[in-house]
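Here is how the chains run, residue by residue.
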Protein chains: 2
Amino acid sequence: MPANLYEYAYMLEKGIRNSGEFATLKQAYENVQANSGAKALFDHFRHLQLKLQEKQVQGLPITEEEAKQAQASMAAAQANPAIVQLINAEQRLSAVLNEINKILVKPIEELYAGK
Amino acid sequence: MPANLYEYAYMLEKGIRNSGEFATLKQAYENVQANSGAKALFDHFRHLQLKLQEKQVQGLPITEEEAKQAQASMAAAQANPAIVQLINAEQRLSAVLNEINKILVKPIEELYAGK
Ligand SMILES: [Ca+2]
Ligand SMILES: [Ca+2]
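Residues numbered from 1 in each chain as written. Chains lettered and ligands numbered in written order. Predicted model: local features only at pLDDT ≥ 70, side-chain atom pairs only at ≥ 80, totals over all residues. Heavy atoms only, no water.

- Identification of chain A as UPF0342 protein BpJC7_12990 from Weizmannia acidilactici is taken from an unreviewed UniProt entry.
- In the Sequence similarities (unreviewed entry) part of its UniProt record, chain A is described as follows: "Belongs to the UPF0342 family." (UniProt positions renumbered as here; feature names shortened; annotations may be inferred.)

In structure tokens form, the structure reads like this:
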């Protein structure tokens, strides 16, 4: 990768690290970590979520049992305010990263659109 | 998104637009566009590729007929040097974007790794 792209990417990374969105995520993550009940619920929820996502990516079927487990785990997680805050904070930072990505793929998009 | 993140993202986008990797992609894309035979092969190959990717994302089955079509289309595309150059150029720019993305998700990764 060209050296100046590394430089710009690291500036952007530092900007993300210093953003209000990241500070909110960090605080929400630490709140969940500090509460053993919330932490256990969140870890279980995230573990199931990643497992199902992996199966989906690999095109493997998701069993009824697994779908039920995931739903129950999500319901339990969503009943916990600290976890809800963490998931919302993740979604807001993820939206920022999506916006950044849309900007970065513009050169390719425009080329392929014949602009 | 915070204003400074937009600024940094646009600097990075401009850096991508001015990179050797993007210039190579642009040239390879224009070579394919200028050759009606190569263009038809590439468009057909890309159309099938996107169709199958979409099915995979949606968890829909890919028929034997579709897999055969995709293989034949890929073989025809790979026999064309202009298309091979374009696919290679796409992969090199895609590698740059992946490296950038790895840098941008570091704050989140480190937070979740407890660093
Ligand atoms: Ca280079
Ligand atoms: Ca903000």
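**Looking at the pattern of salt bridges**
Then, in step 1: Tallied over the entire structure, the rule returns twelve salt bridges over all chains.
Then, in step 2: One salt bridge in this structure joins A:R17 and A:E13, with 2.3 Å as the shortest N-O distance. Within this pair, A:R17 and its partner A:E13 are both found in helix α1 (residues 3-17), separated by four residues, close to a single helical turn.
Then, in step 3: Of the residues examined, A:E13 reaches a relative accessible area of 7% and is grouped as buried.
Then, in step 4: For B:R17, the salt bridge is made with A:E110, and the minimal N-O distance between the two is 3.3 Å. Of this pair, B:R17 sits in helix α1 (residues 3-17) while A:E110 sits in helix α6 (residues 106-112), each in a different chain.
Then, in step 5: B:R17 sits in the partly exposed class, given a relative accessible area of 31%.
Then, in step 6: Each of the salt bridges in this network shares a partner with another, and the network as a whole consists of A:E13, A:R17 and B:E110. (Salt bridge = Lys/Arg side-chain N within 4 Å of Asp/Glu carboxyl O. Helix = DSSP H or I, 4+ residues; strand = E, 2+ residues; numbered from the N terminus. Buried < 20%, exposed > 50% of the residue type's maximum accessible area, 1.4 Å probe, protein only.)

**Observations regarding the interface of chain A and chain B**
Many structure descriptions define interface size as the accessible area lost when the parts assemble.
Then, in step 1: Tallying the contact residues gives 38 residues for chain A and 38 residues for chain B.
Then, in step 2: Between chain A and chain B, a total of about 3800 Å² is buried, with carbon and sulfur atoms accounting for 74% of that surface.
Then, in step 3: On the chain A side of the contact with chain B, A:L104, A:L111 and A:Y112 bury the most area, a combined 18% of that side's loss.
Then, in step 4: Counting across the chain A and chain B interface gives eight residue pairs in polar contact (both at pLDDT 80 or more).
Then, in step 5: Within the residue set of the side of chain A that touches chain B, elements represented by two or more residues are α1, α2 (20-33), α3 (36-57), α5 (81-104) and α6 of chain A. (Contact = heavy atoms within 4.5 Å. Buried area = accessible area lost by both parts, 1.4 Å probe. Polar contact = N/O pair within 3.5 Å; in protein donor to acceptor, adjacent residues only side chain to side chain.)

**Some thoughts on the layout of surface pockets**
Then, in step 1: The computed volume of the largest pocket comes to approximately 460 Å³.
Then, in step 2: For the largest pocket, the lining is made up of 19 residues, of which A:N101, A:V105, A:I108, B:S94 and B:L97 are closest to its centre.
Then, in step 3: Elements represented by at least two residues in the lining of the largest pocket include exactly α5 and α6 of chain A together with α5 (81-104) of chain B.
Then, in step 4: With nine residues, α5(B) is the single largest residue contributor to the lining of the largest pocket.
Then, in step 5: By volume, the second largest pocket amounts to about 160 Å³.
Then, in step 6: As for the second largest pocket, its lining consists of A:R46, A:E90, A:Q91, A:L93, A:S94, A:L97, B:I108 and B:Y112.
Then, in step 7: Looking at the lining of the second largest pocket, the elements with two or more residues in it are α5 of chain A together with α6 (106-112) of chain B.
Then, in step 8: Ranked by the residues each element gives to the lining of the second largest pocket, the list is headed by α5(A), at five residues.
Then, in step 9: Broken down by class, the residue content of the lining of the second largest pocket amounts to four nonpolar, two polar and two charged. (1 Å grid on protein atoms, 1.4 Å probe; cavity = no way out; pocket = protein on both sides within 12 Å on 5 of 7 lines; lining within 4 Å. Points joined across faces, edges and corners; volume = space filled by probe spheres on them. Nonpolar A, V, L, I, M, F, W, Y, C, P; charged D, E, K, R; others polar.)

**Points about the relation of the copies chain A and chain B**
Then, in step 1: Placing chain A over chain B gives an RMSD of 0.0 Å and needs a rotation angle of 180 degrees, together with 0.0 Å of translation along the axis. One copy is carried onto the other by what is essentially a two-fold rotation axis.
Then, in step 2: Both copies contact each other with a shared surface, as 100% of the interface residues of chain A are interface residues in chain B too. (Least-squares fit on C-alpha atoms with pLDDT ≥ 70 in both.)

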